[in-house]
Amino acid sequence: ETAQAGNRDSEALATLQRVFGYDAFRGEQEAIVEHVIAGGDAVVLMPTGGGKSLCYQIPSLVRPGMGIVVSPLIALMQDQVDALRALGVRAGFMNSTQDFDERRVTEAEFLAGELDLLYLAPERLRLDSTLDLLSRGKVSLFAIDEAHCVSQWGHDFRPDYLALSLLGERWPDVPRLALTATATDATHREITERLHMPAARHFVASFDRPNIQYRVVPKSDPKKQLLSFLREEHSGDAGIVYCLSRNSVEKTAEFLSRNGVEAVPYHAGLDAGTRAAHQSRFLREEGLVVVATIAFGMGIDKPDVRFVAHLDLPKSVEGYYQETGRAGRDGLPSTAWMTYGLNDVIQQRKLIQSGEGDEAFRRRAQSHLDAMLALCETAQCRRSQLLAYFGQDPDRTGCGNCDTCLTPPETWDGTVAAQKVLSAVVRLKRERGQKFGAGQIIDILLGKRTAKVIQFDHDQLSVFGIGEELTEGEWRGVARQLLAQGLLAVEGEYGTLVLTETSGEVLRREREVPLRKEPKKPAGARAAGGG
Ligand code: ADP
Ligand code: ZN
């Protein structure tokens with residue numbers, strides 16, 4: 001038995017090397033692969049990019065029969081299958097994007113035992129015709145990807161996933177793996193219960209990336225801030241700079257190149273040849289910076305990416321984690337650096353409101369953004385907050401390797417300042433029937449007689465000039481934090497400011513508003529870097 005297991009092990013490793021061209025398993029992969037090859041069920045929690053696919057692909061190749069992969073990501077199936085075929089793996093898929101003939105071909109391949117892996121949409125596995133088909137061939141394992149879709153309380157609930165519990169009854173001898181990147185305890189329990197996998201072994205990878213230093217700095221002049229960050233701490237290093245728009249990608253890449261940092265742009269608007277050339281230069285060369293939209297990075301496995309910089313706010317913590325996770329795969333010190341300001345909040349809120357999708361979609365986008373804002377505005381350890389978001393027990397003492405740990409932010413009682421901002425919004429609405437954006441509100445508080453202030457007679461308002469104790473930058477910080485705390489909201493295509501349900505509590509003095517002080521200098525610069 002032991003000898004046999006030993007043989008199987010080496011078969012797994014040999015498959016990893018021969019088919020996929022990798023030297024060694026990563027983290028828990030080996031234990032998972034071994035367990036499944038031996039016929040055991042497994043629940044696998046691993047961050048995105050952690051290498052979940054190999055956990056079922058290798059056992060599918062080693063065990064006799066065909067591995068069935070259930071995935072809700074229909075749009076990705078074709079790509080996944082193409083990538084596997086390019087490696088010589090006999091893979092196929094069945095989903096609603098195929099016509100009858102294409103499906104027939106796949107069915108015939110399956111029945112003839114000519115497939116190692118078959119990707120299926122969950123709604124297809126409910127059909128009797130599919131279950132009958134699977135019964136007529138040999139199944140080596142079931143992999144249930146994105147297994148958190150079974151959770152009724154989660155964002156991604158799919159009723160079709162509930163039916164997957166039947167697989168264990170119908171194929172009691174076929175091992176099952178449930179895989180997800182969502183690590184909350186509740187989801188974890190729900191997956192195990194709803195998929196009926198009481199005997200499964202649980203593999204929980206840590207989401208912590210201790211060698212990545214997380215930092216968020218207030219945005220003033222992002223390109224210049226980026227340049228000094230690179231000059232002071234990462235000169236000659238390879239890294240990725242993420243921007244929201246193609247236009248700012250182009251401009252930032254140009255700006256860096258003009259200032260002596262070798263940088264190339266990458267976004268979906270460039271032709272395929274240019275994109276491929278820039279990507280392969282990034283992989284091959286030592287110190288190239290790629291300035292990119294989030295189109296860049298999927299499947300890129302460069303170990304010595306020393307920094308990931310965000311010039312714009314990511315839309316979710318999941319996205320932020322995934323993008324910053326491309327830094328420091330070799331385990332050496334790396335930096336996740338971001339500039340973030342009032343306009344980011346306003347712009348993202350506007351995008352959500354004017355964007356496509358129904359009310360439920362908007363609400364979900366909003367809650368994703370809120371979690372991201374909370375991470376930006378936290379006065380606690382950023383790593384702890386990040387890990388807590390993914391449901392992992394944070395280290396209560398702080399990590400010692402993020403900006404808030406290195407330079408704990410000062411807080412101040414911003415109640416009065418908050419009341420001033422909110423009063424200005426209220427006055428404009430009540431006395432004039434008007435709504436304005438943050439810029440005008442701040443000009444009014446500062447008592448600035450700008451052309452726009454004069455035009456609207458805003459110097460006649462009682463709130464005109466009541467905020468001269470703070471600078472413009474500080475007022476922007478106040479507005480930004482009020483937005484992040486949900487005490488102020490953004491409305492319409494012009495991003496005008498409006499009150500929220502909780503604003504009244506502040507105006508009525510029922511609620512205090514603790515705020516972070518805006519640091520004068522970017523926080524957390526490593527002492528070693530400056531010498
Ligand atoms: P996940 O599904 O967990 O998000 P993937 O399975 O897509 O992650 O893997 C992420 C990346 O890591 C892929 O580019 C994959 O090829 C690579 N990878 C996974 N395992 C290994 C390994 N043992 N050695 C080298 N690269 C790996
Ligand atoms: Zn920390």
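Here is a short report on the structure shown in this document. Every chain is numbered on its own, with residues counted from 1 as its sequence reads. Starting at A for chains and at 1 for ligands, labels are handed out in the order in which the entities are written. Confidence filtering applies because this is a predicted model: local features only for residues at pLDDT of at least 70, side-chain atom pairs given and counted only at 80 or more, and all residues used for totals across whole chains, interfaces and linings.

**Details of the nonpolar core**
If you look at soluble globular proteins, the nonpolar side chains tend to sit buried side by side.
Here is step 1: In terms of nonpolar packing, the biggest core is built from 82 residues, with V291, V421, I441 and A479 touching the most fellow members.
Here is step 2: The residues contacting V291, other than those within four sequence positions of it, are V241, C243, V249, T252, A253, L256, A263 and P265.
Here is step 3: Formed by 57 residues, the second largest nonpolar core is a distinct cluster that contains V43, L54, L117 and Y161. Among buried residues, those of type Ala, Val, Leu, Ile, Met, Phe, Trp, Tyr and Cys that are joined through C-beta atoms within 7 Å form a set called a nonpolar core. Here a residue counts as buried when 20 or more other C-beta atoms fall within 10 Å of its C-beta, as exposed when 12 or fewer do, and as partly exposed in between; the C-beta atoms come from the backbone. Each residue gets a C-beta atom placed from its backbone, and two residues are in contact if those atoms lie within 7 Å.

**Brief notes about the pairing of strand β2 (residues 66-70)**
Here is step 1: By definition, any uninterrupted DSSP run of H or I lasting at least four residues is a helix, any uninterrupted run of E lasting at least two residues is a strand, and each is numbered from the N terminus. Counted residue by residue, β2 has 5 buried out of 5 residues, so it is predominantly covered.
Here is step 2: Here β2 shows two buried faces, one formed by M66, I68 and V70 and the other by G67 and V69.
Here is step 3: Two strands make a pair as long as DSSP finds a minimum of two bridges between them. By the bridge criterion, 5 bridges tie β2 to strand β5 (residues 139-144) in an arrangement that is parallel. Its bridge partner lying in β5, V69 is registered against A143.

**What about the sheet that holds strand β7 (residues 201-204)?**
Here is step 1: Sheet architecture is open: 7 strands sit in the order β3-β4-β2-β5-β6-β1-β7, paired in parallel fashion. Unpaired on one side and paired on the other, β3 (91-94) and β7 mark the two borders of the sheet. Put simply, the sheet's adjacent strands are angled 20 degrees from each other on average, direction ignored.
Here is step 2: To obtain each axis, a line is fitted to C-alpha atoms, and for helices this fit is confined to the stretch in contact; angles are then taken between N-to-C directions over 0 to 180 degrees. Contacting β2, β3 and β4 (117-120), helix α5 (residues 100-111) runs over the sheet at an angle of about 130 degrees to β3.

**So, helix α4 (residues 74-86)**
Here is step 1: Every helix has an expected span of 1.5 Å times one less than the residues it contains. Over its 13 residues, α4 extends 19 Å from the first C-alpha to the last, a length consistent with the 18 Å expected when each residue adds 1.5 Å.
Here is step 2: For α4, the complete set of buried residues consists of M77, V81 and L84. In a view along the axis of α4, the buried residues occupy a sector of 65 degrees, so they form one face of it. Residues of α4 that are exposed and point more than 90 degrees away from the buried face comprise A75, D79, D82 and A86.
Here is step 3: Buried residues belonging to α4 abut β3 and β4.
Here is step 4: Following α4 by one or two positions, G88 has its phi on the positive side, about 90 degrees. What the arc covers is the set of directions going from the helix axis to the C-beta atoms.

**Section: the sheet that holds strand β13 (residues 334-340)**
Here is step 1: The strand order across the open sheet formed by 6 strands is β8-β13-β12-β9-β11-β10, and the pairing between neighbours is parallel. The open sheet terminates on both sides in strands that have one partner only, identified here as β8 (212-218) and β10 (263-266). Geometrically, the sheet is characterised by an average inter-axis angle of 15 degrees between neighbouring strands, direction not taken into account.
Here is step 2: Bridge count between β8 and β13: 7 bridges; the pairing is parallel. When the bridges of β13 are listed, V217 appears paired with T339.

**Things to note about the environment of I346**
Here is step 1: Its location among the elements puts I346 in helix α15 (residues 342-354).
Here is step 2: Spatially, the C-alpha atom of I346 lies 32 Å from that of T187, the residues being 159 residues apart in sequence.
Here is step 3: Those residues within four positions of I346 in sequence are excluded, and the remaining contacts are A438, V490 and G495.

**Here's the deal with the packing of helix α20 (residues 438-446) against helix α22 (residues 472-484)**
Here is step 1: At a closest axis distance of 10 Å, the pairing of α20 and α22 adopts a crossing angle of 130 degrees. One element, α20, and the other, α22, form an angle in the oblique class. Viewed along their axes, α20 and α22 form a crossing whose handedness is right-handed. Two secondary-structure elements touch here, α20 through A438, I442, L445 and L446 and α22 through E472, W475, R476 and A479. Angle categories are assigned with fixed cut-offs, so that under 35 degrees is roughly parallel, over 145 is roughly antiparallel, 65 to 115 is roughly perpendicular, and the rest are oblique. Note on convention: the crossing is left-handed when the near helix lies turned anticlockwise from the far helix by less than a right angle, right-handed when the turn is clockwise.

**Concerning the pairing of strand β16 (residues 496-499)**
Each regular strand shows side chains that alternate between the opposite faces of the sheet.
Here is step 1: Bridge count between strand β15 (residues 488-491) and β16: 4 bridges; the pairing is antiparallel. Each residue of the ladder has a partner; that of A489, found in β16, is V498.
Here is step 2: Here β15 hands over to β16 after 4 residues, with G492 in that stretch at a positive phi of 70 degrees.

**Notes on the environment of L311**
Here is step 1: Topologically, L311 is positioned in the loop between β12 (307-310) and α14 (317-324).
Here is step 2: Here the alpha-carbon distance between L311 and K219, two residues 92 residues apart in the chain, equals 8.4 Å.

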